[in-house]
Protein chains: 4
Amino acid sequence: MLKRVDVRYLKEPEGVGLKDPVFIEGLPGIGHVGKLVADHLVKELDTVKVVEIYSHHFPPQVMVNEDGTIRLPKNEVYAYKSDGNSPDLLILVGDFQSMDGIGHYELVNAYIEIAKKFGAKRIFTLGGYGVGRMVEEPYVIGAANTPELVEELKKFGVKFEKGEPSGGIIGASGLLLGVSQLEGIEAACLMGVTSGYMVDPKSAKAVLDVLMKILNLKVSVEDLEERAKEMEKFIEQIREMQEQVVQQYRSDEDLRYFR
Amino acid sequence: MLKRVDVRYLKEPEGVGLKDPVFIEGLPGIGHVGKLVADHLVKELDTVKVVEIYSHHFPPQVMVNEDGTIRLPKNEVYAYKSDGNSPDLLILVGDFQSMDGIGHYELVNAYIEIAKKFGAKRIFTLGGYGVGRMVEEPYVIGAANTPELVEELKKFGVKFEKGEPSGGIIGASGLLLGVSQLEGIEAACLMGVTSGYMVDPKSAKAVLDVLMKILNLKVSVEDLEERAKEMEKFIEQIREMQEQVVQQYRSDEDLRYFR
Amino acid sequence: MLKRVDVRYLKEPEGVGLKDPVFIEGLPGIGHVGKLVADHLVKELDTVKVVEIYSHHFPPQVMVNEDGTIRLPKNEVYAYKSDGNSPDLLILVGDFQSMDGIGHYELVNAYIEIAKKFGAKRIFTLGGYGVGRMVEEPYVIGAANTPELVEELKKFGVKFEKGEPSGGIIGASGLLLGVSQLEGIEAACLMGVTSGYMVDPKSAKAVLDVLMKILNLKVSVEDLEERAKEMEKFIEQIREMQEQVVQQYRSDEDLRYFR
Amino acid sequence: MLKRVDVRYLKEPEGVGLKDPVFIEGLPGIGHVGKLVADHLVKELDTVKVVEIYSHHFPPQVMVNEDGTIRLPKNEVYAYKSDGNSPDLLILVGDFQSMDGIGHYELVNAYIEIAKKFGAKRIFTLGGYGVGRMVEEPYVIGAANTPELVEELKKFGVKFEKGEPSGGIIGASGLLLGVSQLEGIEAACLMGVTSGYMVDPKSAKAVLDVLMKILNLKVSVEDLEERAKEMEKFIEQIREMQEQVVQQYRSDEDLRYFR
């Protein structure tokens, strides 16, 4: 029995014992910049999975692993207990964002509830800012839910360009800032400028560099290129998904007709 | 935690102490005529914000302000305590209407509950009536939920053209009239004739003039042109939003595929 | 406050005192044949309105009457107390069917609950069967939820063509038969063959003739042509609605973008 | 009154007295391979219908039978009590999958609840794997929700190609594996390679052969070709449905406009 938004705690928040963790979100998005950085952190740091999130708002299917086993679309939260120089972290990563508008709100409600259960006092959402052209020297633009945080981030080289992105910030990276604003949780979005046409490890590196400065955290950036390649594979799968769906509709006409 | 339709009272209705206020709605719509007039009233009059409305039916994103801070899509209700010559006012303004059909009904239910909590006895919804061609001398056509109110409005120069708009009145401006009809609350819609192609301050002025006569209210109309220019900027942002969304889908294929 | 499916009884079923009434449905559909017949019956017979149905599944707007007043989209049930030669009748007429697939099921649940509250033992749904070409001599084809009723209807000249309509029966006219089948209520659909391109009074007359035979009922068919003309006007309004909506989207871009 | 997902037990699970039954799903899908095999099993084996499933997520209409009676879209579960050489079976067959993404999840929740009520310990979902070209010698590829089951199936000649289908498994056949994984129920999907362009009895035979080996079950495969022909008829009906719907929209403009 899978609930509409199904949050499963693998560990009791108290048991994990994080101290004022910083909540970091990196789900699929423009250039998969945020996902690339967050996946990288989960792998490079000594993290432990603490929450799994399933939802009716994810695509109604399973993915197939190399070994023939399957997995449900899900998002995950990993906990990182710091050595003391940097803050403890909660890192939200995963396969998908919501398929529909309402689902974005329902999922973000769940993410914030998780952040609060672990006592998170600050949220950073990671994404890409698509400019529609190749970018030689990617940099990071920001947006935050308090003026103080805007000022603080400027010190770390985050750019704030008058009202950019003028189109706003779409999906979890944006809504997390908005809803946490109402909850009195400080939150900012770090966006790596990117073409938006492909997985962009250079843009991800720019975001990671800034994030490490902000968190006073050190992780190797070497494997980013590597991960980007793997991710291209994943995205290729997504493309296949769509062909599959199209194909399914072709034979399964009924599925199409009330769309 | 944001509810599907999340009404937040910043002040207790009793505390505000409005006497039989008139509820005025001016949300985005054709020519943004209604929004232009309502925003203008909120700024010109000595108003205080009393309610904020958030909803899963608004776009799943945040907008970015000039200073780099963000804001969730929301609608707002402002209260105006009159000097006695005109009635007290409740003015509903905001960023969006519902993204989906069902949401229109759910939001209008909320708007009417707010109007009742403040003791509103009458509702005016403001909008544009798009005629698809430039209009030299804009005038105001009306529709009401009682024959008596139709007659009353005629006295103020509001035109009632046999069954116009023949396409009905779509969104909050229409549903507010319909649902309040069932609740026994008098309501009318004032529509400024406009091309429908652009933000139309001339049409807005026509609506504002009529509304001021009806309410025996005086506000300067000077800044309308100015506000129209600002609003064009906002609409430009909305256009960027869509490009953003399209772009996001390009890189975030998964988000597209079950549409 | 309007519920998702909002059924409002204007009279207590017991108070109306119908005896084993036959429930007749004639909502908009192919060639508006069913609506034409049902509206005609309501006007020709001495009927009284007993129920109004509003729903979030109807279009989010109001229609404007000739006199400048507005009305919410709604469906209605009228009661007819027979003189004894024919059965008592409950007639469901209205403006719209559901805008979405799920809404069709929710509304049909409501219709059947109403039928049961009034003690209806039998349901006839009326519609058109579009053949995509002009039809000189329209006739009536049927479908029923019991074999006995199929046989009975054949006696009245209703045609049953092997598995026709092969595309099934869509919307309320079909679902009413299906759901009532599970409730143990006899139900049949009478479909006038029609081109499907226009309001078809000739096809409606064919359906009405058969229905009158079945119910041993007599009503003048003279005004059918007249009503058809009026209905064309209504449909013209619907077309205007769509232009309105398109226009609204043009100026109200935001409304479009998450579709 | 039909619930959103309406599961109706025709027999009490205890009463049926199946022992650790294997649950088999064969709903419409690519090449209708799964449906073909499951329907075949229901007809060839001495089965009894134990559950009917109706849902608002199915198309809002009824189908018309040869004799003029109608039937609601529904899925069904049949029970097969084995002679002892093979396991007892529960076979899920039916008309449709969900029309919308969320419905897939809600229906799969219901299917798994049924499987558990009957004490099913293992699930096999059947489908087609569309390769977009004619296939001379169809074979069966698999996916499972445990590595052990992958290994077990290899012994029966089921192919596991590195991460195939790379597009994942869409709809009930996939979600059943994913959700049962969380419930600790072993489940695998058997996919017959097929063009995806037509009902494919040869692919179905390949799946049936493997399934019979796995279950140590014997059923004649003779009538498969025959059933495929019948199924083509059904699919033709589905096509007609769509034309009907299109036609309905043409005359019933209102139904179209908020899509």
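As recorded by an unreviewed UniProt entry, chain A carries the name Proteasome assembly chaperone family protein and is attributed to Archaeoglobus profundus.

Peer 1: I'd like a description of the overall build of chain A, backed by residues and values.
Peer 2: For chain A, the count of helices and strands is 8 helices and 11 strands. For 259 residues, the compact-globule estimate of 2.2 N^0.38 gives 18 Å, and chain A sits close to it at 18 Å. For chain A, the C-alpha atoms occupy an extent of roughly 55 × 45 × 35 Å along the three principal directions. Counting all 259 residues of chain A, 67% fall into the buried class. Counted over contacts in chain A with a minimum sequence separation of 6, partners at least 24 positions apart contribute 76%. Carbon and sulfur atoms make up 51% of the accessible area of chain A, which amounts to about 9100 Å² in all. Between the centroid of the 31 positive side chains of chain A and the centroid of its 41 negative side chains there is a distance of 3 Å.

Peer 1: So, the environment of N75(A): which residues are in play, and what are the values?
Peer 2: Residues and elements named next belong to chain A. Within the secondary structure, N75 sits in strand β6 (residues 75-80). Counting along the chain gives 48 residues from N75 to L27, while the straight-line C-alpha distance between them is 8.3 Å. In this structure, N75 is in contact with L27, V51, E52, I53, F58, L92, V93, G94, D95, F96 and Y111, ignoring residues within four places of it in sequence. Looking at N75, its side chain comes within polar contact range of the main-chain nitrogen of D95, at 3.0 Å. Among the polar contacts made by the side chain of N75, one reaches the side chain of Y111 at a distance of 3.0 Å.

Peer 1: Can you tell me about the relation of the copies chain A and chain D, naming the residues and giving the values?
Peer 2: Of the transformation placing chain A onto chain D, the axial shift is 0.0 Å and the rotation is 90 degrees, giving an RMSD of 0.0 Å. What the superposition gives is, in effect, a four-fold axis relating one chain to the other. Counting the interface residues of chain A, we find that no more than 15% of their copies in chain D are interface residues as well, pointing to two distinct contact surfaces.

Peer 1: Report on the nonpolar core, specifying residues and quantitative values.
Peer 2: Formed by 362 residues in total, the largest nonpolar core has its most connected members in L190(A), L190(B) and L190(C). Filtering out sequence-adjacent residues up to four positions away, L190(C) remains in contact with F124(C), T125(C), L126(C), G127(C), V140(C), I141(C), L153(C), V158(C), V207(C), V210(C), L211(C) and I214(C).

Peer 1: Go over the pattern of salt bridges, please, and point to the residues and values.
Peer 2: Counted according to the given criterion, the structure contains 66 salt bridges over all chains. Of the charged contacts in the structure, one is a salt bridge between E76(A) and K74(A), with a shortest N-O distance of 3.7 Å. The exposure classification of E76(A) matches that of K74(A), with both residues buried. Note that E152(C) and R122(C) form a salt bridge whose closest N and O atoms lie 2.8 Å from each other. With E152(C) in helix α4 (residues 147-154) and R122(C) in strand β8 (residues 122-130), this residue pair connects regions lying 30 residues apart in the sequence. E152(C) sits in the partly exposed class, given a relative accessible area of 26%. Members of the salt-bridge network, linked through shared partners, are K49(A), E52(A), K74(A) and E76(A).

Peer 1: Can you lay out the packing of helix α2 (residues 33-44) of chain C against helix α6 (residues 201-215) of chain C for me, pointing to particular residues and giving the numbers?
Peer 2: All names here are of chain C. Viewed as axis vectors pointing N to C, α2 and α6 meet at an angle of 55 degrees, and their least axial separation amounts to 9 Å. On the basis of the axis angle, α2 is oblique to α6. α2 and α6 meet at a crossing whose hand is right-handed. Two secondary-structure elements touch here, α2 through V33, L36, V37, H40 and L41 and α6 through P201, S203, A204, V207, L208 and L211. Tallied by class, residues from the contact of α2 with α6 come to 9 nonpolar, 2 polar and no charged.

Peer 1: Lay out a negative patch on the surface in plain terms, naming residues and giving numbers.
Peer 2: Residues and elements named next belong to chain A. A cluster of acidic residues, E222, D223, E225, E226 and E230, forms a negative patch at the surface. Looking at where E225 falls in the secondary structure, it is placed in helix α7 (residues 224-251). Looking at E225, the relative accessible area reads 43%, which means it is partly exposed.

Peer 1: Outline the sheet that holds strand β10 (residues 169-170) of chain C, supporting the account with residue identities and numerical values.
Peer 2: Spatially, β10(C)-β4(D)-β5(D) is the arrangement adopted by the 3 strands of the open sheet, whose pairing is antiparallel. The two strands at the open ends of the sheet, each matched to only one other strand, are β10 of chain C together with β5 (70-71) of chain D. Pairing between strand β4 (residues 61-64) of chain D and β5(D): 2 bridges, direction antiparallel. The partner of M63(D) across the bridge, within β5(D), is R71(D).

Peer 1: Residues and numbers for the interface of chain A and chain D, please.
Peer 2: At the interface, 41 residues of chain A touch 58 residues of chain D. The junction of chain A with chain D conceals about 4200 Å² of combined surface from both sides, 58% of it contributed by carbon and sulfur atoms. Applying the counting rule to chain A against chain D returns 1 salt bridge. K162(D) serves as the salt-bridge partner of E66(A), at 2.2 Å between the closest nitrogen and oxygen. Where chain A meets chain D, there are 11 residue pairs in polar contact (both at pLDDT 80 or more). Looking at the side of chain A that touches chain D, the elements that each hand over two or more residues are β3 (47-55), β4 (61-64), β5 (70-71), α7 and α8 (253-257) of chain A. If one sorts the elements of the side of chain A that touches chain D by residue count, α7(A) sits on top with 9 residues.

Peer 1: Residues and numbers for the packing of helix α3 (residues 101-117) of chain C against helix α5 (residues 172-183) of chain C, please.
Peer 2: Residues and elements named next belong to chain C. Following both chains from N to C, one finds α3 and α5 inclined at 55 degrees, their axes separated by 9 Å at the closest point. The orientation of α3 relative to α5 falls into the category oblique. Pair α3 / α5 crosses with right-handed handedness. In this structure, α3 contributes H104, Y105, V108, N109, Y111, I112 and K116 to the contact, and α5 contributes A172, L175, L176, V179, S180 and E183. Per-class residue counts for the contact of α3 with α5 are 8 nonpolar, 3 polar and 2 charged.

Peer 1: Residues and numbers for the pairing of β8(C), please.
Peer 2: Residue and element names in this part refer to chain C. Burial of β8 is extensive: 9 of the 9 residues sit out of reach of the surface. Both faces of β8 are covered, namely the face carrying R122, F124, L126, G128 and G130 and the face carrying I123, T125, G127 and Y129. As paired elements, strand β2 (residues 22-26) and β8 share 4 bridges and run parallel to each other. In the sheet register, F23 faces β8, and the bridge partner there is I123. Pairing analysis gives 9 bridges linking β8 to strand β11 (residues 186-194), with the strands arranged parallel. From the neighbouring strand, Y129 faces β11, where its bridge partner is V193.

Peer 1: For the sheet that holds strand β10 (residues 169-170) of chain B, give the residues involved together with the corresponding values.
Peer 2: Strand order in the open sheet formed by 3 strands is β10(B)-β4(C)-β5(C), and the pairing between neighbours is antiparallel. Of all the strands in the sheet, the pair left with one neighbour each is β10 of chain B together with β5 (70-71) of chain C. The pairing of β10(B) with strand β4 (residues 61-64) of chain C spans 2 bridges and is antiparallel. Residue pairing for β4(C): I169(B) is matched across the bridge by V62(C).

Peer 1: So, a nonpolar patch on the surface: which residues are in play, and what are the values?
Peer 2: On the surface, M134(A), Y197(A) and M198(A) cluster together into a nonpolar patch covering about 320 Å² of accessible area. Examined against the element boundaries, M198(A) turns out to sit in the loop between β11 (186-194) and α6 (201-215).

Reading guide: rules and limits
- Residues numbered from 1 in each chain as written.
- Chains lettered and ligands numbered in written order.
- Predicted model: local features only at pLDDT ≥ 70, side-chain atom pairs only at ≥ 80, totals over all residues.
- Heavy atoms only, no water.
- Helix = DSSP H or I, 4+ residues; strand = E, 2+ residues; numbered from the N terminus.
- Rg over C-alpha atoms; globule rule 2.2 N^0.38 Å.
- Buried < 20%, exposed > 50% of the residue type's maximum accessible area, 1.4 Å probe, protein only.
- Contact = heavy atoms within 4.5 Å.
- Areas by Shrake-Rupley, 256 points an atom, 1.4 Å probe, with all protein chains shown as cover.
- Lys, Arg positive; Asp, Glu negative; His and termini not counted.
- Charge placed at Lys NZ, Arg CZ, Asp CG, Glu CD.
- Polar contact = N/O pair within 3.5 Å; in protein donor to acceptor, adjacent residues only side chain to side chain.
- Least-squares fit on C-alpha atoms with pLDDT ≥ 70 in both.
- Core = buried A, V, L, I, M, F, W, Y, C linked by side-chain atoms within 4.5 Å.
- Salt bridge = Lys/Arg side-chain N within 4 Å of Asp/Glu carboxyl O.
- Axes fitted to C-alpha atoms, helices over the stretch in contact; angles between N-to-C directions.
- Parallel < 35°, antiparallel > 145°, perpendicular 65-115°, else oblique.
- Left-handed = near helix turned anticlockwise from the far one by under 90°.
- Nonpolar A, V, L, I, M, F, W, Y, C, P; charged D, E, K, R; others polar.
- Patch = residues over 30% accessible without salt bridge, like charges linked within 9 Å, V, L, I, M, F, W, Y side chains within 5 Å.
- Pairing = 2+ DSSP bridges.
- Buried area = accessible area lost by both parts, 1.4 Å probe.

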